[in-house]
Amino acid sequence: MADNGGSGTTGVVAVLVIFVIIVVAALFIFGGRLFGGNKKVDVNIQTPSAPTK
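All of these numbers come straight from a predicted model, not from anything done at the bench.

1. Some remarks on the overall build of the protein
For step 1, the next point in the chain: Counting its regular elements, the protein contains one helix and zero strands.
For step 2, the next point in the chain: Burial statistics for the protein: of 53 residues in total, 2% are counted as buried.
For step 3, the next point in the chain: Looking at the protein as shown, the accessible area adds up to about 5,400 Å², and 68% of this sits on carbon and sulfur atoms.

So, in structure tokens, the structure goes:
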């Protein structure tokens, strides 16, 4: 027969792993709003002006 003593710990570990996965997913989804707001990158590209003589 299998020992049922460790089944409670396994359930707690499984719940904690699922909770950590949910927290990490939430950080990826809402992280831009919570940590730094707008993550736009301003790339200012201009054509070089002709040298004046």
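Next comes the rest of the description.
2. Thoughts on a nonpolar patch on the surface
For step 1, the next point in the chain: Taken together, the side chains of Phe 19, Val 20, Val 23, Val 24, Leu 27, Phe 28, Ile 29 and Phe 30 present a nonpolar region at the surface, about 810 Å² in accessible area.
For step 2, the next point in the chain: With respect to the secondary-structure elements, Phe 28 resides in helix H1 (residues 7-34).
For step 3, the next point in the chain: When its relative accessible area of 71% is taken as the criterion, Phe 28 is described as exposed.

Calculation rules
Residues numbered from 1 in each chain as written. Predicted model: local features only at pLDDT ≥ 70, side-chain atom pairs only at ≥ 80, totals over all residues. Heavy atoms only, no water. Helix = DSSP H or I, 4+ residues; strand = E, 2+ residues; numbered from the N terminus. Buried < 20%, exposed > 50% of the residue type's maximum accessible area, 1.4 Å probe, protein only. Areas by Shrake-Rupley, 256 points an atom, 1.4 Å probe, with all protein chains shown as cover. Patch = residues over 30% accessible without salt bridge, like charges linked within 9 Å, V, L, I, M, F, W, Y side chains within 5 Å. Salt bridge = Lys/Arg side-chain N within 4 Å of Asp/Glu carboxyl O.

None of this, on its own, says anything about what the molecule does.
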